[in-house]
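# Summary of the model geometry
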Amino acid sequence: MRACLRDRRLGRNFRQVGSEAEFAAAEPLDPRRQAFWDTERWSLLWLEPPEHTRIRKLVAAAFTPRSVEALREPSHELAREHLPGGDFDLLRDYAQPYSIAVICRLLGVPTDRARDLLDWSHAMVKMYELDTSDAQAEAATRAAAEFREYVLALAEERRREPQDDLVTRLVEAQVDGRHLSEPEIVSTIIVLLNAGHEATVNTLGNGVLALLRHRRQWERLLAGEVEPAAAVEESIRWDPPLQLFERWVLEDGVELAGRPVPRGAKVALLFGAANRDPRVFDDPDGFDVGRGNAAEHIGFGGGIHVCIGAPLARIELEAALRALVERAPGLALAGEPRRNRAFVIWGLESLEVTV
Ligand code: HEM
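Since this is a predicted model, take the numbers as computed values, not measurements.

### Some words on the overall build of the chain
Scanning the chain from N- to C-terminus turns up 14 helices and 10 strands. For 355 residues, the compact-globule estimate of 2.2 N^0.38 gives 20 Å, and the C-alpha radius of gyration of the chain, at 20 Å, lies within 12% of that figure. Per-residue burial for the chain yields a buried fraction of 53% across its 355 residues. At a minimum sequence separation of 6, the contacts of the chain that also span at least 24 residues come to 72%. Positive and negative side-chain charges in the chain, numbering 45 and 57 respectively, have mean positions lying 2 Å apart.

### Notes on the coordination of the iron atom of the ligand
For the iron atom of the ligand, the protein supplies a single donor, Cys307 (SG), at a distance of 2.3 Å. Position of Cys307 among the secondary structure elements: in the loop between α13 (271–274) and α14 (310–327).

### A short note on the sheet that holds strand β3 (residues 244–249)
One key point about sheets: their strands pair by backbone hydrogen bonds, in either a parallel or an antiparallel sense. Across the sheet, which stays open at both edges, the 3 strands sit in the order β1-β3-β6 with antiparallel pairing between neighbours. With partners counted over all chains shown, the strands left at the sheet margins are β1 (10–11) and β6 (266–270), one partner each. As defined by bridge partners, β1 adjoins β3 across 2 bridges and the pair is classed as antiparallel. Opposite Leu10, over in β3, you have Val249 as the bridge partner.

### Focus: empty space enclosed by the protein
Per the counting criterion, the structure on display carries 3 cavities of 30 Å³ or more. In this structure, the largest cavity is lined by Thr203, Leu204, Gly207, Val208, Val232, Ser235, Leu317 and Leu321. Those elements that provide at least two residues to the lining of the largest cavity are α10 (182–213), α12 (228–238) and α14. Looking at the lining of the largest cavity residue by residue, the classes come out as 5 nonpolar, 3 polar and no charged. One number sums up the size of the second largest cavity: a volume of about 40 Å³. Along the walls of the second largest cavity sit Leu5, Arg8, Leu10, Gly11, Arg12, Glu48, Arg247, Gly302, Gly303, Ile304 and His305, which together make up its complete lining. The residue inventory of the lining of the second largest cavity, partitioned by class, reads 3 nonpolar, 4 polar and 4 charged.

### A closer look at the side chain of Glu198
Mapped onto the elements, Glu198 comes out in helix α10. Lys126 provides the closest opposite charge to the buried, salt-bridge-free Glu198, at an N-O distance of 6.4 Å. What Glu198 contacts, discounting residues up to four positions off in sequence, is Ser121, His122, Val125 and Ile345.

### So, the packing of helix α5 (residues 72–82) against helix α6 (residues 90–107)
With their axes 9 Å apart at the nearest point, α5 and α6 run at an angle of 145° to one another. When the axes of α5 and α6 are compared, the crossing they make is right-handed. On the side of α5, the interface is formed by Pro74, Ser75, Leu78, Ala79 and His82, while α6 contributes Asp93, Tyr94, Pro97, Tyr98, Ala101, Val102 and Arg105. When the residues that make up the contact of α5 with α6 are grouped by side-chain class, the tally is 8 nonpolar, 2 polar and 2 charged.

### Considerations on the environment of Gln34
On the secondary structure map, Gln34 appears in helix α2 (residues 34–40). Classification of Gln34 as partly exposed rests on a relative accessible area of 40%. Separated by 107 residues in sequence, Gln34 and Thr141 have C-alpha atoms that sit 7.5 Å apart.

### Examining the site of the ligand
Around the ligand, the structure places 29 residues, and the nearest of them are Arg12, His52, Arg247, His305 and Cys307. Between the ligand and His52, the relevant distance is 2.7 Å, taken from an oxygen atom to a side-chain nitrogen or oxygen of the residue. Among the elements of the structure, α3 (51–62), α10, β3 and α14 are those that each provide at least two residues to the shell around the ligand. With 6 residues, the top contributor of residues to the shell around the ligand is α10. The class makeup of the residues in the shell around the ligand is 18 nonpolar, 8 polar and 3 charged.

Rules behind the numbers
Residues numbered from 1 in each chain as written. Predicted model: local features only at pLDDT ≥ 70, side-chain atom pairs only at ≥ 80, totals over all residues. Heavy atoms only, no water. Helix = DSSP H or I, 4+ residues; strand = E, 2+ residues; numbered from the N terminus. Rg over C-alpha atoms; globule rule 2.2 N^0.38 Å. Buried < 20%, exposed > 50% of the residue type's maximum accessible area, 1.4 Å probe, protein only. Contact = heavy atoms within 4.5 Å. Lys, Arg positive; Asp, Glu negative; His and termini not counted. Charge placed at Lys NZ, Arg CZ, Asp CG, Glu CD. Donors = N, O, S within 2.8 Å, 3.2 Å for Na, K, Ca; no water. Pairing = 2+ DSSP bridges. 1 Å grid on protein atoms, 1.4 Å probe; cavity = no way out; pocket = protein on both sides within 12 Å on 5 of 7 lines; lining within 4 Å. Points joined across faces, edges and corners; volume = space filled by probe spheres on them. Nonpolar A, V, L, I, M, F, W, Y, C, P; charged D, E, K, R; others polar. Salt bridge = Lys/Arg side-chain N within 4 Å of Asp/Glu carboxyl O. Axes fitted to C-alpha atoms, helices over the stretch in contact; angles between N-to-C directions. Left-handed = near helix turned anticlockwise from the far one by under 90°. Near = heavy atom within 4 Å. Polar contact = N/O pair within 3.5 Å; in protein donor to acceptor, adjacent residues only side chain to side chain.

Dropping the structure here:
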C-alpha cells in the first residue's frame, strides 16, 4: 500500500496524461453537476504535479505548523465547552459541533454559519461514495454552489480587512510571486473543511465505540496508563474513517504485488485492510491502545497526497478524547450504534451514550 501511494506511475487524476477514452473506467463528468466539479477543480485531492506541487506549497505556507499548534489550547477549551452531560449522541451532540467549532477557529469564521458548513460538507462528500444517487448528486451540487458564494465573500472580506486566520493567510500566500486564484481559494477552503471535518468526526465515533466495546482499553485511559494521543492512533489504525482511495495507472509496464496492471486501469487502495497487515502489526485484529507502533498506520495516506491536516487532526482528536476521559469516566453505550450507509467515508450515523 505504501509503495502504491508513493508510486508516481499511479495518479489521483489521469487527465494530465491521457484522454477519457484511454482511461476506460472513467465516467465523463456529468454537466448537470458542473457547479460541484468547479469547486473540486483545484482541490489538492484531485491534482497531480505540477499543479499539485504549486497549490500544496501555497497551502503549506498558510497552514503552518505554528498556526496548527496555536489551536492546541483552544481545542482543549472547545472540547470541554462542547461536551454535554447526561445522555447524548456522541456524533450529533459532541463530535460534529466541536469539530466544526475548531475548523471555524482555524479558518477564522464566526460559528453562526456552523450549521451551513456542516450541511454543505455532508451533502458534498456523498459525491465520493461508490453509489451516489441522483438526488444526492443534486444536493451536493447545490451545496457546492452555496459554499462557493460563501467562500468568495469571506475571501473578499479578508482581502479588505486581514485577520490572524487561515483564510487571510491563503489570500496572502505567495510562491514564486504568484497568489492563489479565486477558484483555487474556493477549492482549497472547501477541501480543508470537508476532508478535515468528516474524517475527524468519524474517527471520534469509531474510536469511542471501540473503546466502549473494549472496556479494559477505556480503563487503561482512565488509569492514566495510556495517553489519549496513543488511543487516537490505535483508533485510526483499527477502524479508519476513510476506507478507500483510488489511483489510475498512468504508464505501461506497472506491476503491483507481482501482477501486471495495464495503463488506464483503476486501483482501489483499501486502508482498513492495510492497517491490519500482520507483517506490520502483531495481533492486527486486536484493539490495543498501548500498541507501541500504532502510529505506523496508513490512515493519513502517504506520498505526495499525504494528509496535510494530520497534525491538526491529531491535536483535535487528542483534546476531544481527553475531555471525555477527564469529564465522563463513566461513559457507556446507551443504545445500539447505527452505521452510516456509506463505505468510503466510514462511520456511524449515531452513537448514543450516557455519562
Ligand atoms: C483523522 C482524521 C483524518 C484522516 C484519517 C485523514 C486522511 C487523509 C488521507 C488518507 C488522505 C490522502 C488521500 C489520498 O491519498 O488520495 C488525506 C488527504 C488530505 N487531508 Fe486528511 N485526514 C484527516 C483529517 C484532516 C484534516 C483535519 C484536514 C484539514 C483541516 C485534512 C485535509 C486533507 C487534505 C487537504 C488532503 C489532500 C492533500 C493532498 O492531496 O495533497 N485532513 N487525508
